[in-house]
Amino acid sequence: SGPDEGSPEPESESSEEAPEAEENGSVIAMIRPINKNGISLLSVSLEVRSFYELFEAVRNADSDIEVVFYTNVTFAHAIDIAAGKTVVMKSSDATARIMSLGSSVTERHFAIYGNLILESNVILDGTGSSGTPVVGGIDVRTGGNLTLRGAVIRNCKASIGGGILLTGGSSVSMSAGSIPNTVAL
């Protein structure tokens, strides 16, 4: 017998084609719920066309999610990862996807209260439009967990923490990747 039509199928590990863009702009990312084993559920997905749509989708997700980037993204402000929620971010293929800061951003890319997993080919860049490091990076708050699986956090500076700021009761796990050119002042 064939697969149950009501059951979502897990995502394959192959690279993905970007969905067709609609009239209001190009798709920058696809967001899908994931199950507790980290397997993407293909039956439900949300196309994201701007930083603000990305911010709202992460904030309003009622389950753990996977964010697959098709292009670079400029952050307008930090994205909070809520307690009890897991967010996995990765590139759609072998191309590095850069998450940079907008010209007036003076905060980190993420504040983590839950779990954030950054896969390879994801780069958080703290360089502002002036070409010099402004802030950026990640603030891992009490109870938060950051996992780096080949991601890069670069060109960040802050009064404390440089590229990653850890608060008591938080954790970081790094199996691959780098944190170059970051400074705690």
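Parameters at a glance
- Numbering of residues begins from 1 in every chain and follows the order in which that chain's sequence is written.
- With the structure being a predicted model, the display of local features is reserved for residues of pLDDT at least 70 and the display and counting of side-chain atom pairs for 80 or more, all residues being used for whole-chain, interface and lining totals.
- By convention in this description, side-chain values take in all heavy atoms of the structure and omit both hydrogens and water.
- We count a stretch as a helix when DSSP gives it H or I for four or more residues in a row; a strand needs E for two or more, and each element gets its number in order from the N terminus.
- The cut-offs for exposure are 20% and 50% of the maximum accessible area for each residue type, with area from a 1.4 Å probe on protein chains only; residues under the lower value are buried, those over the upper are exposed, and the others partly exposed.
- For this analysis, residues touch if any pair of their heavy atoms sits within 4.5 Å.
- Nine residue types can take part in a nonpolar core, namely buried Ala, Val, Leu, Ile, Met, Phe, Trp, Tyr and Cys, and a core is a set of them joined through side-chain atoms within 4.5 Å.
- At least two DSSP bridges between two strands are required for those strands to pair.

Draft legend 1. Highlighting the overall build of the chain. When helices and strands are tallied, the chain shows one helix and 16 strands. Counting across all 185 residues of the chain, residues that qualify as buried make up 45%. Put simply, of all contacts in the chain between residues at least 6 apart along the chain, 70% involve residues at least 24 apart.

Draft legend 2. Layout of the nonpolar core. Counting 36 residues, the largest nonpolar core has Phe-110, Leu-116, Leu-118 and Ile-138 as the members making the most contacts within it. If you tally residues by element for this core, the top one is helix 1 (residues 51-60), at five residues. With sequence-adjacent residues up to four places away left out, Leu-116 is seen in contact with Ile-81, Val-87, Met-89, Phe-110, Ile-138, Asn-145, Leu-146 and Thr-147.

Draft legend 3. The pairing of strand 7 (residues 97-101), seen in detail. With four of five residues buried, strand 7 is to be regarded as a mostly interior element. Pairing analysis gives three bridges linking strand 4 (residues 73-75) to strand 7, with the strands arranged parallel. Considered in strand 7, the bridge of Val-73 is made with Met-99. For strand 7 and strand 10 (residues 122-125), the ladder comprises three bridges, and the chain directions are parallel. Across the sheet, residue Ile-98 finds its bridge partner in strand 10, namely Ile-123.

Draft legend 4. A look at unusual backbone geometry. Even without a glycine there, the phi angle at Asn-155 is positive, about 55 degrees. Position of Asn-155 relative to the elements: it lies in the loop between strand 12 (145-154) and strand 13 (157-158). Owing to a relative accessible area of 15%, Asn-155 belongs among the buried residues under this scheme. Positive phi is not limited to glycine here, since Asn-181 has a value of about 55 degrees. Summarising the element assignment, Asn-181 is placed in the loop between strand 15 (171-178) and strand 16 (183-184). Asn-181 gets classed as exposed once you look at its relative accessible area, which sits at 51%.

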